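Letter by letter, the chains look like this.
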Amino acid sequence: MDIFRILSRGASLNKKKGITTDYALPSSTQKSAQKHKEETLHHQVEKETDFFHTRKKHTENTQDNKEDNAEDKENEEEEIPPLELVTEEDAHKFRKLHKSKVTGDDIPIPIGSFQDLIGRFQIDKKLLSNLIEAEFIEPTSIQCESIPITLNNRDLIACAPTGSGKTLAFLIPLVQQILQSKPSGTKNYGIRGLIISPTNELAIQIFQTLETLVRGKKLNIAILSKQLANKLNNKIIKSDKYDILVTTPLRLIDIVKQGNINLSKIEQLIIDEADKLFDHGFVEQTDEILTHCTLPTIRKSMFSATIPSGVEELAHSIMKDPIRVIIGHKEAASTTIDQKLVFTGNEQGKLLAIRQMIQQGEFKPPIIIFLQSITRAKALFHELLYDKLNVDVIHAERTPKQREEVIKRFKNGDIWVLITTDVLARGVDFKGVNLVINYDVPQSAQAYVHRIGRTGRGGKSGRAVTFFTKEDDQLIKPIINVMKQSDCHDGYSGWMENMAKLSKNEKKNIKHHEMERKKISTVPKVVKQKRKQRQDMIEASKKRKQMETQQQE
Ligand code: ADP
Ligand code: MG
């Protein structure tokens, strides 16, 4: 209850409207400066990141707009390719405009619209209408590039920002190819499409998008849930019943080992969040799955927002003449995210910083807060757990059912603040998350990019705030590098840049070792001492009473 008062001091909580501040408002000049800053930022973000091409051009005749219009005109003259891309020249203009780099042999020309798929690839009409019905009207940059690559039967390594539509980039060609390749008249032919994801939450999400795409088609798709795994292992169901399977590696390996699933007919293997699946902790499982996918004509694709060079090398070793697509900067965060570093001095300062954000109206739900460990996530949850803030927590110790339930409630808006660990850092698409707070600095640049990528998705803007203390000096440099790559220079100060630089070995060490931190609490030492004194007095009085009753007896 104490923490409620500390955190919400000066803020009024309105369930429908979210959190609003009712004091410490900026003066009118501060307000207009703030407004101007917000407008400029908003405008910048819009201009740079319209990957869905849905935003209208500004028409107001301000000085800024005049300059922008002049700039746009220049771009138009030089850059804007036709909607239907035919020549290499069109493709070149398109890539320049979309800041994409595509390398490899015989690169197909990107599509300019989903309708291009009719003429060029005879896309299934129902699949196309399912897409349009789900309001996917125009393809994003990564979709424009990767769909024709896969439909031309090529292996693919794709790196594109968080929230830029990678799921459809692999699902559309997968469904199209599986529909085309269905051996006529053969029922229960076997699994031909396999999608691997590092977490169950992400697998569920991919499966749900897949369901939308195959609506009305005779394709059997499945997510490898615990129940399905049991049925397969007990031979109640045969795996050959399914055409496409979505799974996490561990669950699949378990069935593979017992010989209850056949992966030898897989024609398309998709590895989502590939760098995670080739990292420490997953690589052996991924490798084992690969050894069971034995069809000589198998096509492989891997996707992520971060693909370090080591992973790319590995990818090349298991692929045939792949094409590599990079949208924007490799390892940069999505430019729709406004990133900021906040120095909190010490651990206690972090809770106070949250309180300040509430007072300044910056704590606008829905919010996700990331911490480095389950223990710390639980501790912060208990600190923030009070009647009206609607907070909940997801970590690996919660059951899948609990996790599913919390996600549902967060998506519905019943939960405003979701506390979690890196278990939710990858892939999960919560629409409209306003703010991500890194309560603890992430252990690597990749972890940072994925965590903050839970906001600013689908072309929307979002904010990410990372708290750090003096003990985090070694973790800050990689974060600043990401901020620089994403052109987010206002979010840090010069002195932060001068904090420790790390060698490759140190980086590796940090990535795999959790930082030691003081416990999460806002209770000052004096209060703690007083509490202890009171507790001691109570104990002493209890003992005295006990002795007195014993003497009386
Ligand atoms: P990523 O895997 O790149 O992080 P997702 O595939 O999860 O991103 O997509 C992010 C959001 O963008 C999702 O809500 C998705 O529905 C939406 N989206 C994807 N493609 C399109 C599109 N072509 N048009 C409109 N919205 C899209
Ligand atoms: Mg994704």
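Just above, that's the structure.
Keep in mind that this is a model prediction, so the values were computed, not measured. (Residues numbered from 1 in each chain as written. Chains lettered and ligands numbered in written order. Predicted model: local features only at pLDDT ≥ 70, side-chain atom pairs only at ≥ 80, totals over all residues. Heavy atoms only, no water.)

Asker: Help me understand the overall build of the chain in this model?
Answerer: Helix and strand counts for the chain stand at 22 helices and 16 strands. Across the 553 residues of the chain, 50% fall into the buried class. Pairs at least 24 apart in sequence give 75% of the contacts found in the chain among residues at least 6 apart. About 28,300 Å² of surface is accessible on the chain, with carbon and sulfur atoms providing 50% of the total. (Helix = DSSP H or I, 4+ residues; strand = E, 2+ residues; numbered from the N terminus. Buried < 20%, exposed > 50% of the residue type's maximum accessible area, 1.4 Å probe, protein only. Contact = heavy atoms within 4.5 Å. Areas by Shrake-Rupley, 256 points an atom, 1.4 Å probe, with all protein chains shown as cover.)

Asker: For this particular structure, what's the right way to read the pairing of strand β9 (residues 299–304)?
Answerer: Two faces, one strand: in a regular strand the side chains alternate between the faces of the sheet. Of all six residues in β9, six are buried, a share of seventy percent or more. Side chains Arg299, Ser301 and Phe303 of β9 all project onto a buried face; the interleaved residues Lys300, Met302 and Ser304 project onto the opposite face, where all are buried too. Pairing between strand β4 (residues 156–159) and β9: four bridges, direction parallel. Each bridged residue has a counterpart across the sheet, and for alanine 158 the counterpart in β9 is phenylalanine 303. (Pairing = 2+ DSSP bridges.)

Asker: Where do I start with the packing of helix α10 (residues 226–233) against helix α11 (residues 249–257) in this structure?
Answerer: For any two helices packed against each other, one specifies the inter-axial angle together with the distance between the axes. As a packed pair, α10 and α11 sit with axes 10 Å apart at the nearest point and diverge in direction by 5°. One element, α10, and the other, α11, form an angle in the roughly parallel class. Judged by residue contacts, Lys226, Ala229, Leu232 and Asn233 of α10 engage Arg251, Asp254 and Ile255 from α11. (Axes fitted to C-alpha atoms, helices over the stretch in contact; angles between N-to-C directions. Parallel < 35°, antiparallel > 145°, perpendicular 65-115°, else oblique.)

Asker: I'm lost on the site of ligand 1 in this one. Help?
Answerer: Neighbouring ligand 1 are 18 residues, the closest being Glu138, Gly163, Thr167, Asp429 and Arg457. Glycine 163 has a polar backbone atom sitting 2.7 Å from an oxygen atom of ligand 1. Interatomic distance of 3.1 Å between a backbone N/O atom of glycine 165 and an oxygen atom of ligand 1. Here ligand 1 loses 86% of its free accessible area of 570 Å² to cover by the protein chains. Top element by residues in the shell around ligand 1 is helix α8 (residues 166–181). It accounts for three residues. A class-by-class count of the residues in the shell around ligand 1 yields five nonpolar, eight polar and five charged. (Near = heavy atom within 4 Å. Polar contact = N/O pair within 3.5 Å; in protein donor to acceptor, adjacent residues only side chain to side chain. Nonpolar A, V, L, I, M, F, W, Y, C, P; charged D, E, K, R; others polar.)

Asker: Any chance you could explain the sheet that holds strand β8 (residues 268–272) here in plain terms?
Answerer: Neighbouring strands of a sheet are bound in pairs by backbone hydrogen bonds; such pairs are parallel or else antiparallel. One open sheet holds the eight strands; their spatial order is β3-β10-β4-β9-β8-β5-β7-β6, and the pairing between them is mixed. Looking at the sheet topology across the chains shown, the edges are occupied by β3 (100–103) and β6 (221–223). The average angle at which neighbouring strand axes cross in this sheet is 10°, direction not considered. Where strand β5 (residues 193–196) meets strand β7 (residues 244–247), four bridges bridge the pair, whose relative direction is parallel. The residue bridging isoleucine 195 from the neighbouring strand is valine 246, located in β7. Across the sheet, helix α7 (residues 141–151) lies against β3, β4, β8, β9 and β10 (323–327), angled at about 170° from β10, the strand it touches most.

Asker: I keep staring at the packing of aromatic side chains and nothing clicks. Help me out?
Answerer: We describe a pair of aromatic rings using the distance from one ring centre to the other and the angle between the two ring planes. Applying the stated rule across the entire model yields six aromatic pairs. On the numbers, 5.6 Å between centres and 85° between planes, the contact of phenylalanine 343 with tryptophan 495 is edge-to-face. In this pair, phenylalanine 343 sits in strand β11 (residues 337–345) while tryptophan 495 sits in helix α20 (residues 494–497), placing the two residues 152 residues apart along the sequence. Ring centres of phenylalanine 410 and phenylalanine 430 lie 5.0 Å apart, and the angle between their planes is 90°; this geometry places the pair in the edge-to-face category. Of this pair, phenylalanine 410 sits in helix α17 (residues 400–412) while phenylalanine 430 sits in the loop between β14 (417–420) and β15 (435–438), and the two are 20 residues apart along the sequence. Clustering of aromatic rings is evident, with ring pairs tying together Phe343, Phe468 and Trp495. It is lysine 265 that lies over the ring of tyrosine 189; its NZ or CZ is 4.7 Å from the centre. (Phe/Tyr/Trp six-rings, centres within 6.5 Å; stacked < 30°, edge-to-face > 60°. Lys NZ or Arg CZ within 6 Å of the ring centre and 35° of its normal.)

Asker: Help me understand the sheet that holds β11 in this model?
Answerer: Strands sit in the order β11-β16-β15-β12-β14-β13 across an open sheet of six strands; the sheet is parallel. A single partner strand is all that each edge strand has here, and the edge strands are β11 and β13 (391–394). For this sheet the average axis-to-axis angle between neighbouring strands, irrespective of direction, equals 20°. Pairing of β15 with strand β16 (residues 462–469) involves four bridges; the strand directions are parallel. Of the residues in β16, the one forming a bridge with asparagine 438 is threonine 466.

Asker: Could you clarify how one ought to interpret helix α9 (residues 200–214) in this entry?
Answerer: For an α-helix, the turn length of 3.6 residues means that residues three or four places apart are oriented alike. Taking 1.5 Å per residue, 15 residues should reach 21 Å; α9 reaches 21 Å between its end C-alpha atoms and fits that length. α9 sits mainly inside the fold: 11 of its 15 residues count as buried. Inspection of α9 places Glu201, Leu202, Ala203, Gln205, Ile206, Phe207, Thr209, Leu210, Thr212, Leu213 and Val214 among the buried residues, and these make up the whole buried set. Just downstream of α9, glycine 216 is the residue with a positive phi angle, here 80°. (Expected span 1.5 Å × (residues − 1).)

Asker: For this particular structure, what's the right way to read the side chain of glutamate 201?
Answerer: With respect to the element layout, glutamate 201 can be found in helix α9. Residue class for glutamate 201 comes out buried when judged on its relative accessible area of 10%. Side chain to side chain, glutamate 201 and arginine 403 meet in a polar contact 2.7 Å long. If sequence neighbours within four positions are ignored, glutamate 201 has contacts with Arg403, Ile407, Leu424 and Val428.

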